[in-house]
Every structure is written in C-alpha cells, then in structure tokens.
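The residues making up each chain are set out below.
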Amino acid sequence: MDGTWTLADNDRDAEARFSGLVQLASDAIISIDASQTITFFNRGAELIFGWMAEEVVGNSLEMLLPPSARAMHGEHVRRFGESPVRARRMGERQAITGLRRDGEEFPAEASIVKVEVPGGYAYTVVLRDVSEQHRAREQQRFLLEVGQLLASSLDMETTLSSVAEAAVGFLADYCVVDLVDDDGEVRRIRVAAHRTADEEAALLLREVEVERGRPHLISRVLEEGLPELVSRVEPELLEELSQNEAHREVLERIGVASYMAVPLRSRERVLGALLLLGGQGRRPFDEQDLRLAEEVGLRAGMAVENAKLYRDAQRAIQERDDILGVVSHDLGNPLQAIFIGIEALDRRLPEGSDGTAYYLSAIRSSAGMMQRLIRELLEVRRMEEGQLPLTRRDCRIPALVQEALEVSGPLARVKSIALSNEVEGVDIPPLDIDGDRVLQVLSNLVGNAVKHTPEGGEVRVTATPGGGEVRVSVSDTGPGISAEDRPHVFERFWRAERTGGTGLGLGLAIARGIVLAHGGRIWVESGEGEGSTFHFTLPQAD
C-alpha cells in the first residue's frame, strides 16, 4: 500500500542499510559455513585480497590462506567452534597471514564470531590488513640495526660493507656501494648479494668500473645529488645505462626488475652512492622504499665523513709523532754539548766574574727548559702508546712531598707564598710505586699552584689514607678555574688563554698519565675566585 510503513518494511530497510555498511567497510568481512566454504565476501575483502566476490563465494577459505597456514587455520576454526566462546576480538587471536590473488602473503589481524545454524555453526571474520604497520615496524628495526652497524667501527670500508650486508638481508637482492675519491674517480667498495641471489654475478658486478662520462645507474646521484627510483626496468633502459657489454650481461643475468640509487651525503657534498637492485621475484621498489634508502644513505654518509675525519686525525697524529721523534733525537746531542760546555766554562771562570756567571746561568736555565720540553713530548708519546715505564719500589709519600716542596721553594719565597706540608705525622704506610714518577706529579701540581697563586698566598699539601688507597691533595689560594675550563685541564696541549703560560700544556696531561698508570685517579675541584685543589689517589699494596 502506497505510503504505508510496516514492521516488515522497517526490517528490510534496516537489513539493506546494514548490508550497505558492510559492503562499504574498509576491513574485509568474510562469512563461511561449517565446512569453511565462503558464503559472503564484501568490497573491503575484494580490495585487500584482489579477488571479486563472485570469484570467491562458493569456494573454500583455503584459497585466501598461504599453503603453510591452511591446516593450522582449519584446526583453529574447528577448536573455536567446539569452545564455549562466542567471539574473539582483534588482538585476542594469534597473528595470521593472508594470501592475495597475485601470490603475495601479508600479515593481518582478525576478529571472529560464530552463530549457531542448523547443522553446526556459521562464522563471520572481520580481517584487517596490517601490512603497512608491520612494514613500518620492520623499517624502524632495520634503521636501528644500520645505526648500530655504523657506530660499531670507524673503519670506512668495514662499516659500509656491514650496511650493504644488512640491506640485502632486508631491502634488496643486491646492494652496491660506490665512493668518490678526492680526485673525482668512482671507487667500488662493496657488492653484497642476498643469500638466495647469484653470488657469482655479484663478483662480476664488483669488477665493473664506473666511468663518470658515460650514463650509468648512479649518474643522477653523483652528478645532481638526487635519488632515483625505477620501479619497472625495461630492457632498453639497461642497454642505455650499461657501462659496456659485460656490464649489461651481468645486469641481465641478475634479472634487474627495479632499482633505486641514493646519495651518501655529508652536508652539501656527495661522497658516493648506494645502489639497490631488486630481482624478478621481489616486490618492485616504491616511494616508501626510496625514503628508507635515503635515510640509510644519509646516515652512511655521515659515518663516511666521520671515518675520513678520524683517518685524517690519525695521519696527523702519526706525522706529529714522527716529527717529535726526529726533533727529540736531533736536539738531544746538541743540548748535551751545551751542558758540557757550560760546566767547562763554569770551572774556568775567574773569581769575581759576576757578569759572565749571570749569562752562563741564563744559558743553563734555557737549556734546562729545552730539555724539560723534549722530555714532556716524549712522555706524552709513550703514554699514548701505552708504554709508560714504571719502576716500582717501596716509597714514602711524606718524603716525596717534602722534596717537591723544596723544588718549588725558591719561587715561593720570591712571591712570599707559604708552603704548608701537612703530610708529616700522618700514618701512611710505604707504597709500591715509581717514586720518580710520583715526584714528577707532585712537582708539577705544586709548581703550578705556586705559579698561579698571587703574592702572599698559600699552597697546602695533604694526604689521607683509607679505602685501600692514599689520596694526596694540593690546594692553593689562587684565582681558581672556571667551570668552562675545568673539563679541559688534563688535556694535552691545552692552556687557559687567560693564564698566559709559556709551557706546552703537557704537565697535567703527563701527571694524569702517570697516576692512571699506577691504577689511581686524578681530578680537580675549583671555582673562580675560590682557589683550586688537585687530588690524586694511589692504591695501597695488598
């Protein structure tokens, strides 16, 4: 009847609306009967699996599952049917794997509900494709692995080889790493192949030399610094980008179906290229793959730059050490001749020759300073090589402290600085140490304290045994050390600009090396305008 609304009409209308919503849902909604035959397949399922509903309805659910999962999945459905549970939500089931029409397997989450019907149960599954979420997690894991590999070594070729191996384990069938030398030539560092790929082809690809004047797979990367993605490689393209006939044959043997190339970049400079090749059996590379490869290239480029800086620093250190060795050796003999000459002149000096004696004293002082500087340079070199020799014997700390104070006594008297020895009377057992080396530490610390303390100030030396070690402290009433300078005081060749010192900045570095060689610690406590206290410890014998 026209215009008449009935309950039956309402039911049909609600059913139609519900059916429309089910069809429009982006998740796959699939119904099966007790024999696991598909009875319903919505539009979302068509988009996810690639099959049309009419191609699927009436067939077994197994056609949507990979062969390895079919038996297990059938058993899961049977057990669910026998259980008292009416429904299982997403997250309550184990992860499942679906099979698309093109043969691609994909991860999925699903919820399932059963309805009792004559002859058994009918089941409806709501399935969600989680490929993108799974892919994103795997990419983050891969980037974490790459970051750990890049941080594991400062050897450039070792690091890049590790990254190439990781790439073929996750991203590509073949990975080629090329670097640009300082003269602009391209040097092939590594060609890695997936375990299922053609290793012999990888070896042949390793021998291919890249001529920058000819088109090649990484031309755009090296010349413009831009990434390149080719999702579908045509034979004509391989012909165009092959360096020579042998190169083309290798690429054909590999069966390159898609490729992408990204720069190894540091700041604005292209250091090389990362070339990733996908074979016929691999999913073609897409924009998401390219973004991931770019991130790898960026991190690898930074690692290459750091490795180059480290290599240059090592070369500079080696050159410096070579010069130090030559200088130390070549200056040693002339200095000895100067000392011998001074002693000879001093013995022959007539009585009352004050002027001549003054100049001889100045020459002796200057020669002594040169000798001390050479000794400091050699000490630093020994410490860097881990070859600082120690001649251990039982020594008393109070005696070493007194000797160090006596060495600095003349300068302290000139500046009216009080030297306070608070070690005498402290019960300190003899220590098994290299007395000459420890005296060098004490002389350095006391000498620095006297030098930086204003006239009328005080320098105190204390010692405290306990905890299996002896702590020696040298305190002064000088201007103190700023918070900015404190982290650097024990560095080699470092001097605070405001002190205007004339040394090489090696004294405290040598003191630190000697203390560490004894198994002790050394540190400073200070603040601007509050004076400074240098502490070091020496272990007591067992």
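*Asks:* Account for the overall build of the protein chain, with residues named and values stated.
*Replies:* Scanning the protein chain from terminus to terminus reveals 15 helices and 18 strands. Here the protein chain holds 542 residues, and the buried ones make up 41% of them. Residue pairs at least 24 apart in sequence account for 61% of intrachain contacts in the protein chain once pairs closer than 6 positions are excluded. Of the roughly 29900 Å² of accessible surface on the protein chain, 51% is carried by carbon and sulfur atoms.

*Asks:* Report on empty space enclosed by the protein, specifying residues and quantitative values.
*Replies:* Applying the stated criterion to the full structure yields 2 cavities of 30 Å³ or more. A volume near 170 Å³ is recorded for the largest cavity. Counting only elements with at least two residues in the lining of the largest cavity, the list comes to β1 (28-32), α4 (67-82), β4 (96-99), β5 (105-117) and β6 (120-129). Taken together, the residues that form the lining of the largest cavity break down as 13 nonpolar, 3 polar and 1 charged. In this structure, the second largest cavity spans a volume of roughly 80 Å³.

*Asks:* Which residues make up the confidence of the model for the protein chain, and what are the values?
*Replies:* For the protein chain, per-residue confidence averages 83 on the pLDDT scale, and residues scoring 70 or more make up 87% of the total. When mean pLDDT is compared element by element in the protein chain, strand β18 (residues 532-539) scores highest at 95, while helix α1 (residues 7-24) scores lowest at 50.

*Asks:* Describe the pairing of β5, with residues and values.
*Replies:* Across 2 bridges, strand β3 (residues 87-88) lies against β5 in antiparallel orientation. From the neighbouring strand, Arg88 faces β5, where its bridge partner is Ile112. In this sheet, β5 lies alongside β4 in antiparallel orientation, the contact comprising 4 bridges. By the bridge assignment, Thr97 is partnered in β5 with Pro107. Between β4 and β5, which pair antiparallel in sequence order, lie 5 residues; one of them, Gly103, sits at a positive phi of approximately 95°. In the sheet, β5 pairs with β6 via 10 bridges, with the strands oriented antiparallel. When the bridges of β6 are listed, Val117 appears paired with Gly120.

*Asks:* Can you tell me about the sheet that holds strand β10 (residues 258-266), naming the residues and giving the values?
*Replies:* For sheets, the rule is that strands pair by backbone hydrogen bonds, running either parallel or antiparallel. The sheet built from 5 strands is open, its strands ordered β8-β7-β11-β10-β9 with antiparallel pairing. Two strands lie at the open edges of the sheet, namely β8 (186-193) and β9 (228-230), each paired on one side alone. Strand after strand, the sheet turns through a mean of 15° between neighbouring axes, direction not considered. Pairing analysis gives 9 bridges linking β10 to strand β11 (residues 269-278), with the strands arranged antiparallel. Bridge assignment links Ser258 to a residue of β11, and that residue is Gly278.

*Asks:* Describe in detail the sheet that holds strand β13 (residues 418-421), supporting the description with residues and values.
*Replies:* Strand order in the open sheet formed by 5 strands is β13-β15-β16-β18-β17, with mixed pairing between adjacent strands. Across the chains shown, the open sheet's two edge strands, defined by having one partner strand only, are β13 and β17 (522-526). The average angle at which neighbouring strand axes cross in this sheet is 15°, direction not considered. Relative to β18, β17 is paired through 5 bridges, and the arrangement is antiparallel. By the bridge assignment, Ile522 is partnered in β18 with Phe536. The sheet strands contacting helix α14 (residues 435-452) are β13, β15 (458-466), β16 (469-476) and β18, and the helix crosses β18 at an angle near 175°.

*Asks:* Tell me about the packing of helix α7 (residues 199-206) against helix α10 (residues 245-254), and name the residues and values.
*Replies:* As a packed pair, α7 and α10 sit with axes 10 Å apart at the nearest point and diverge in direction by 155°. As far as their axial angle goes, α10 and α7 are roughly antiparallel. You can see that α7 and α10 cross each other, and the crossing is left-handed. Two secondary-structure elements touch here, α7 through Glu200, Ala201, Leu204 and Leu205 and α10 through His247, Val250, Leu251, Arg253 and Ile254.

*Asks:* Would you mind going over the layout of surface pockets in detail, with residue names and values included?
*Replies:* Unfilled space is identified by rolling a water-sized probe across the atoms. Of the pockets and cavities examined, the second largest pocket occupies roughly 640 Å³. Contributing to the lining of the second largest pocket are 21 residues, with Glu104, Ser131, His134, Arg135 and Arg283 lying nearest its centre. Of all elements in the fold, only β5, α5 (131-151) and α11 (287-347) reach the threshold of two or more residues within the lining of the second largest pocket. It is α5 that contributes the most residues to the lining of the second largest pocket, 6 residues altogether.

*Asks:* Any chance you could break down the packing of aromatic side chains for me, citing the residues and the numbers?
*Replies:* One pass over the full model with this rule turns up 6 aromatic pairs. Aromatic pair Tyr121 and Tyr123: ring centres 6.5 Å apart, planes at 45°, arrangement tilted. According to the relative accessible area criterion, Tyr121 is partly exposed, its value standing at 23%. Residue class for Tyr123 comes out buried when judged on its relative accessible area of 6%. These aromatic residues form a ring-pair network of at least three members: Phe41, Phe49 and Phe106.

*Asks:* So what's going on with α10? Residues and values would help.
*Replies:* For α10, the full list of buried residues reads His247, Arg248, Val250, Leu251 and Ile254. End-on, the buried residues of α10 take up no more than an arc of 160°, which puts them together on one face. In this fold, the buried residues of α10 make contact with β7 (174-180), α7, α9 (235-241) and β11. Backbone nitrogen of Ala246 and a side-chain oxygen of the N-cap are separated by 3.2 Å at the start of α10; the cap is Asn244. Where α10 ends, the next residue or the one after it, Gly255, has phi of about 75°, a positive value.

The rules behind the values
- Residues numbered from 1 in each chain as written.
- Predicted model: local features only at pLDDT ≥ 70, side-chain atom pairs only at ≥ 80, totals over all residues.
- Heavy atoms only, no water.
- Helix = DSSP H or I, 4+ residues; strand = E, 2+ residues; numbered from the N terminus.
- Buried < 20%, exposed > 50% of the residue type's maximum accessible area, 1.4 Å probe, protein only.
- Contact = heavy atoms within 4.5 Å.
- Areas by Shrake-Rupley, 256 points an atom, 1.4 Å probe, with all protein chains shown as cover.
- 1 Å grid on protein atoms, 1.4 Å probe; cavity = no way out; pocket = protein on both sides within 12 Å on 5 of 7 lines; lining within 4 Å.
- Points joined across faces, edges and corners; volume = space filled by probe spheres on them.
- Nonpolar A, V, L, I, M, F, W, Y, C, P; charged D, E, K, R; others polar.
- pLDDT = per-residue confidence, 0-100.
- Pairing = 2+ DSSP bridges.
- Axes fitted to C-alpha atoms, helices over the stretch in contact; angles between N-to-C directions.
- Parallel < 35°, antiparallel > 145°, perpendicular 65-115°, else oblique.
- Left-handed = near helix turned anticlockwise from the far one by under 90°.
- Phe/Tyr/Trp six-rings, centres within 6.5 Å; stacked < 30°, edge-to-face > 60°.
- Arc of directions from axis to C-beta.
- Polar contact = N/O pair within 3.5 Å; in protein donor to acceptor, adjacent residues only side chain to side chain.

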